[in-house]
Every structure is written in structure tokens, then in C-alpha cells.
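A structural walkthrough
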Amino acid sequence: CSSDLSDNATPRFTEKEYSAEVSELAQPGSFVHLVSASSQSSVFYQIKEGNINGAFDINPNSGVVITQLPLDYEAAPSYKLTIQGTNMAGQASNTTLLVHLKDENDNAPIFIQDEFIGTVSESAPVNSIILTRDNTPLVIRALDADQDASSRLVYQIVEPFAHNYFAIDSSTGAIRTTTELDYEQRNTFRFTVQVHDMGLPRLFAEKAANVTIEVIDVN
């Protein structure tokens, strides 16, 4: 009965550590990886540790790991799963599966407020920064929950007429004058600013920001 002795050997996984990459947009039920162990008798697989919120599931007979829930890179960029294989003799051994989520551009930028209001003196030279009522520079700002390029933002003034008077710094959102202004000619400017990220695909804010700039009369 030499087979009995060999049956007492613990299952041997083909790797000490497996690693897999899966998109954060993968639907529940998506294939992640196959882990397999050799043994004299059939092996039963289960995830023992690291399966936060039950994000993954393993087929106990085949060792195929699938996603069980929608994933979110921003919430958990990676998982370290401890997988156990047990044979018919009750012998068990473990392996590790590292699952790395692929960050997708799944968050659009959102402006921190709907309305931005600034002021500028009609005597301000060209290239003057527009100020807020608190005398701080007027900065149009949006937030994006993604990482890296998917969160790098580009701001632009939408209406062509506004380009005759103002320019926006595409990366900081600060606004400055591009011409001399005359209160008697026009004392209020209203236009919108749009923002998009640098992800693939580019995502724009659902709603543009409204900007009002009041020209201050100088006697």
C-alpha cells in the first residue's frame, strides 16, 4: 500500500505565488486566474484569507478564481488571497494569489462649486489675475477621484467671445485678463468653463461651471 503513503503527501501547488491583473470594470463572474495543485487524490480548493467583502470566489473542484462583486481600484487597488488545497486524506497546503486591479478612467471630474465669481479693476493691466471678493486669486477648481493621468485635469473657457477678454490656465484653473477692460463699455462678463481629465477615454464634467466677472469702475 505504497499509494496510501503517497496519499499522505500534501498537495503541491504549481506556484508558491500566483499573480493576476483584472480590470476594475470587470463584470462579476469574470475569470481571474487558475490555481492548481497536484496530489494522489482529488484536491478541494478554498479561499482562506484576504477575500475582502467576498470580492472573489473559487471553484472548489477546478481552482478557477472569478470575481464575485464589482471592483473599485480607488477602494482597493490589490488583493492578496491565501488559497488552500486539501486532498481526500485531509492533507492541506496553501498558496498566494496576488490580484492587481487595473485602474480605468471611471470617474469624471466634478467642479467644487457651480458658480465662481470674480472681480477685476478696469485699470488692471493686461495679464492681470482675476480676484475673488476676498482678494484671493480666482481659481476654477474641479476634483477627480481617479489616479495619475485619469485625474490630471485640463480647463477651458467654452464661449468664444470670452476668449477676447480672458484666458484660463489649463492646468491650474486660474483666470487672467487678455485685454484692457472698460467699465463703461461692459461691466459684467458671464461665461462657462469646462474641464476634462487626461484619461482614456477623456471624461468631461457633467456640468460646466458658471463664471461671473465684475469689472470695477475706477473714477
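Higher on the page you've got the structure.
Now for a description of the structure that goes with this document. None of the values given here were measured: they were computed from a predicted structure.

**With respect to the side chain of Thr-95**
- With respect to the helices and strands, the residue Thr-95 is situated in strand 9 (residues 92-102).
- Overall, the relative accessible area of 2% leaves Thr-95 in the buried class.
- Not counting residues up to four positions away in its chain, the partners in contact with Thr-95 are Phe-13, Glu-15, Lys-16, Glu-17, Tyr-18, Leu-81, Thr-82 and Ile-83.

**Remarks on the pattern of salt bridges**
- One pass over the structure, following the stated rule, counts three salt bridges.
- The salt bridge involving Asp-114 is made with Lys-207; its shortest N-O contact spans 3.5 Å. Of this pair, Asp-114 sits in the loop between strand 10 (110-111) and strand 11 (115-121) while Lys-207 sits in the loop between strand 16 (188-197) and strand 17 (209-216), and the two are 93 residues apart along the sequence.
- The class of Asp-114 is partly exposed, set by a relative accessible area of 46%.
- One salt bridge connects Arg-133 with Glu-214, and the closest N-O pair in it is separated by 3.2 Å. With Arg-133 in the loop between strand 11 and strand 12 (142-143) and Glu-214 in strand 17, this pair connects stretches of sequence that are 81 residues apart.
- By relative accessible area, which is 27% here, Glu-214 ends up partly exposed.

**Notes on the packing of aromatic side chains**
- For the structure shown, the criterion picks out six aromatic pairs.
- A centroid spacing of 6.4 Å and a plane angle of 45° characterise the contact between Tyr-165 and Phe-166, whose relative ring orientation is tilted.
- Overall, Tyr-165 belongs to the partly exposed group, its relative accessible area being 25%.
- Relative to Phe-189, the ring of Tyr-165 has its centre 4.6 Å away and its plane inclined at 50°; by these criteria the two rings are tilted. With Tyr-165 in the loop between strand 13 (153-157) and strand 14 (166-168) and Phe-189 in strand 16, this pair connects stretches of sequence that are 24 residues apart.
- Through pairs of rings, three or more aromatic residues link up here, namely Tyr-165, Phe-166, Phe-189 and Phe-191.

**Description of the sheet that holds strand 5 (residues 43-49)**
- Pairing is mixed in the open sheet, where four strands are placed in the order 2-9-8-5. With partners counted over all chains shown, the strands left at the sheet margins are strand 2 (17-23) and strand 5, one partner each. Ignoring strand direction, the axes of neighbouring strands in this sheet form an average angle of 30°.
- Bridge analysis of strand 2 against strand 9 gives seven bridges, and the strand direction is parallel. Bridged to Glu-21 within strand 9 is His-100.

**Brief notes about unusual backbone geometry**
- Here Leu-200 and Pro-201 are connected by a cis peptide whose omega angle stands at -5°.
- Looking at the secondary structure, you find Pro-201 in the loop between strand 16 and strand 17.
- Phi at Asp-148 takes a positive value of approximately 55°, unusual for a residue other than glycine.
- Structurally, the position occupied by Asp-148 is in the loop between strand 12 and strand 13.

**Some remarks on the side chain of Glu-122**
- Note that Glu-122 resides in the loop between strand 11 and strand 12.
- Buried and unpaired, Glu-122 has Arg-186 as its nearest opposite-charge partner, separated by 13 Å.
- Of note is the side chain of Glu-122, whose polar atom sits 2.9 Å from the backbone nitrogen of Tyr-183.
- A distance of 2.8 Å separates a polar atom in the side chain of Glu-122 from the backbone nitrogen of Val-218.
- In contact with Glu-122, other than residues within four places in its own chain, are Leu-181, Asp-182, Tyr-183, Glu-184, Val-215, Ile-216, Asp-217 and Val-218.

Here is what the cut-offs are and how they apply
- Along every chain, residues carry numbers that run from 1 in the direction the sequence is written.
- Reporting of local features is limited, given that this is a predicted model, to residues whose pLDDT is at least 70; pairs of side-chain atoms are given and counted only at 80 or more, and all residues count toward the totals for whole chains, interfaces and linings.
- Water and hydrogen atoms play no part in the side-chain values, which are based on all heavy atoms of the structure.
- Secondary structure elements follow DSSP: runs of H or I no shorter than four residues count as helices, runs of E no shorter than two count as strands, and numbering proceeds from the N terminus.
- Working definition: with a 1.4 Å probe on protein chains only, accessible area under 20% of the residue-type maximum means buried, over 50% means exposed, and in between means partly exposed.
- Between two residues, a contact is recorded if the distance between any of their heavy atoms is within 4.5 Å.
- Definition used for salt bridges: Asp or Glu carboxyl oxygen within 4 Å of a side-chain nitrogen of Lys or Arg.
- Planes of paired rings set the category: under 30 degrees apart is stacked, over 60 is edge-to-face and the rest tilted, where pairs are Phe, Tyr or Trp rings (Trp by its six-membered ring) whose centres lie within 6.5 Å.
- One bridge is not enough; two strands pair if DSSP finds at least two bridges between them.
- Each axis is a line fitted through C-alpha atoms, and for a helix only the stretch in contact is used; angles between axes span 0 to 180 degrees, taken between their N-to-C directions.
- The charge count includes Lys and Arg as positive and Asp and Glu as negative, but it does not include His or the ends of the chains.
- Within 3.5 Å is the distance limit for a polar contact, defined as a pair of N or O atoms, with the added protein rule that one can donate a hydrogen and the other accept it, and that residues adjacent in sequence qualify only through two side-chain atoms.

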